[in-house]
Amino acid sequence: KFRDTLKGLPEAAKFAAEIGCPRMTTWVMPSFDAPKAEMWALLRSRFGEIAKVLRDSNVRFGLEYIGPVHLRKLRPHLFVYTLGEMLALAREAGPNVGVLLDAWHWHHAGDSLADIEAAGKDAIVHVQVADAPKLPPEDIRDNERLFAGEGIIDLKAFFTTLRKIGYEDGVSPEVFGRGIKDMPLEEGIRLGYNSTSTVMRAAGLEW
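Rules and cut-offs
- Chains are numbered independently. Their residues run from 1 in the order of the written sequence.
- Only residues with pLDDT of 70 or above have their local features reported here, since the model is predicted, and side-chain atom pairs are shown and tallied only from 80 upward, although totals for entire chains, interfaces and linings are computed over all residues.
- As a rule here, side-chain values come from all non-hydrogen atoms in the structure, and water together with hydrogens is ignored.
- For the purposes of this entry, the term helix denotes a DSSP run of H or I that reaches at least four residues, the term strand denotes a run of E that reaches at least two, and both are numbered from the N terminus.
- Burial classes follow relative accessibility: with a 1.4 Å probe on protein chains only, a residue under 20% of its type's maximum area counts as buried, one over 50% as exposed, and anything between as partly exposed.
- Residues count as neighbours in contact if any of their non-hydrogen atoms are within 4.5 Å of one another.
- All accessible areas in this document rest on Shrake-Rupley with a 1.4 Å probe, and a residue is counted as covered only by the protein chains that are shown.
- By the counting rule applied here, Lys and Arg register as positive and Asp and Glu as negative, while His and the ends of each chain are not counted.
- We put the charge of a Lys on NZ, of an Arg on CZ, of an Asp on CG and of a Glu on CD.
- Here the nonpolar core consists of buried residues drawn from Ala, Val, Leu, Ile, Met, Phe, Trp, Tyr and Cys, with membership extended through side-chain atoms lying within 4.5 Å.
- An arc is given here, and it is the one of the directions from the helix axis to the C-beta atoms.
- Note on aromatic pairs: the rings of Phe, Tyr and Trp (six-membered ring only in Trp) are paired at centre separations within 6.5 Å, and the planes decide the class, stacked below 30 degrees, edge-to-face beyond 60, tilted for the rest.
- Paired strands, in this sense, are two strands between which DSSP finds at least two bridges.
- Only the stretch in contact is used when fitting a helix axis, every axis being a line fitted to C-alpha atoms; angles between N-to-C directions are given from 0 to 180 degrees.
- Angle categories are assigned with fixed cut-offs, so that under 35 degrees is roughly parallel, over 145 is roughly antiparallel, 65 to 115 is roughly perpendicular, and the rest are oblique.
- Take the far helix as the reference: if the near one is turned anticlockwise from it by less than a right angle, the crossing is left-handed, and if turned clockwise, right-handed.
- Lys, Arg, Asp and Glu make up the charged group, whereas Ala, Val, Leu, Ile, Met, Phe, Trp, Tyr, Cys and Pro make up the nonpolar group; the residues left over, Gly among them, are polar.

Peer 1: Just to check I follow, could you spell out the overall build of the chain for this structure?
Peer 2: Along its length, the chain carries 9 helices and 7 strands. On the principal axes, the C-alpha backbone points of the chain span a range of 40 × 40 × 35 Å. Classification of the 207 residues of the chain by burial places 47% in the buried group. For the chain, the share of sequence-separated contacts (at least 6 apart) that also reach a separation of at least 24 residues comes to 80%. Within the structure as shown, the chain displays about 10,900 Å² of accessible surface, and the carbon and sulfur contribution to it stands at 54%. The centroid of the 26 positive side-chain charges in the chain is displaced by 3 Å from the centroid of its 29 negative side-chain charges.

In structure tokens form, the structure reads like this:
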């Protein structure tokens, strides 16, 4: 299946570059049925092949790590769930591979502002935003998120740090739950845009 779907990647990468969005991303589960070393080798190899194809169109590849405890415990073997480890895997996969930094996962992984600074601007391919309710870590569920500014994540500090390292690429809200499916499409879009814009402006970011 990997080989078959890889055949369509050159055309997709070329299209992404032509429309001015030279970024592709995927997420990586934090636990697997197979041991960590085995999955690391497999994913490094596959991500490396993907990265080579994307390089031909000058497209960057972002790997998203997943932070919540319940997903770390979903399978027998813990894999990667922090910014530092995902960046290590990304760097082994290729020079055009970095991380997709999601404020939700950054928070639930226990990462810090210093981790963002240590990663640096060039390591971050894309940024996603959601906020978290005040619940014990074991009660957090990945599909129940809040809009930016509605929860306990210090998003002002998050974006202030991104500004500090010079990040200037894409930012998008990624919120699940919260009754979004029951809202008119336009209302959900407006809430996502306005909430994200508010916390970004609080951090001194304008566009």
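Peer 1: Can you help me understand the nonpolar core in this one?
Peer 2: Nonpolar side chains in soluble globular proteins tend to end up buried together. By size, the foremost hydrophobic cluster in this structure holds 59 residues, and its most contacted members are L101, F158, F159 and L162. Looking at this core element by element, the count peaks at 8 residues for helix α3 (residues 36-55). The residues contacting F158, other than those within four sequence positions of it, are L101, A103, W106, L113, I116 and V127.

Peer 1: So what exactly am I meant to see when it comes to helix α2 (residues 9-18) here?
Peer 2: The α-helix advances 3.6 residues per turn, and as a result positions three or four apart in sequence lie on the same side. Within the sequence span of α2, burial applies to L9, A13 and A16. Viewed along the axis of α2, the buried residues span an arc of 60°, placing them on a single side of the element. Facing away from the buried side of α2 by over 90 degrees, the exposed positions are E11, F15 and E18. Here the buried face of α2 lies against α1 (2-6), β1 (23-28) and α3. Directly after α2, the chain includes G20, whose backbone phi takes a positive value near 80°.

Peer 1: Sorry if this is basic, but what is going on with the packing of aromatic side chains here?
Peer 2: Aromatic ring pairs are defined here through the distance separating the ring centres and the angle between the ring planes. This structure, assessed with the given rule, holds 5 aromatic pairs. Aromatic pair F32 and F79: ring centres 5.4 Å apart, planes at 80°, arrangement edge-to-face. Residue F32 is located in strand β2 (residues 31-32), and its partner F79 is located in the loop between β4 (77-78) and α5 (83-93); the two are separated by 47 residues in the primary sequence. Across the pair, F79 and F32 agree in class, each one buried. Each ring, one from W106 and one from F158, has its centre 5.1 Å from the other, and the planes form 55°; the classification is tilted. Remark: F158 occurs in helix α8 (residues 155-165) and W106 occurs in helix α6 (residues 103-108); sequence separation between them is 52 residues.

Peer 1: Would you explain the sheet that holds strand β7 (residues 171-173) in this entry?
Peer 2: Two orientations exist for strands paired in a sheet by backbone hydrogen bonds: parallel and antiparallel. Spatial strand order, β1-β3-β5-β6-β7: 5 strands in an open sheet with parallel pairing. Looking at strand neighbours, the two that pair on one side only are β1 and β7, the edges of this open sheet. The sheet shows a mean angle of 30° between the axes of neighbouring strands, direction not considered. Across 4 bridges, the pairing between strand β3 (residues 60-65) and strand β5 (residues 97-102) is parallel. In the sheet register, E64 faces β5, and the bridge partner there is L100. Packing of α5 onto the sheet brings it into contact with β1, β3 and β5, and relative to β5 it is tilted by some 155°.

Peer 1: Please explain the packing of α3 against α5 as it appears in this structure.
Peer 2: Packed helices, taken two at a time, are described by the angle between their axes plus the distance between the axes. At their nearest, the axes of α3 and α5 sit 8 Å apart, and the two run at 50° to each other. As the angle between them shows, α3 and α5 are arranged oblique. Considering the relative orientation of α3 and α5, their crossing is right-handed. Two secondary-structure elements touch here, α3 through K36, W40, R44, F47, G48 and A51 and α5 through E85, A88, L89, E92 and A93. Of the residues that constitute the contact of α3 with α5, the class distribution is 6 nonpolar, 1 polar and 4 charged.

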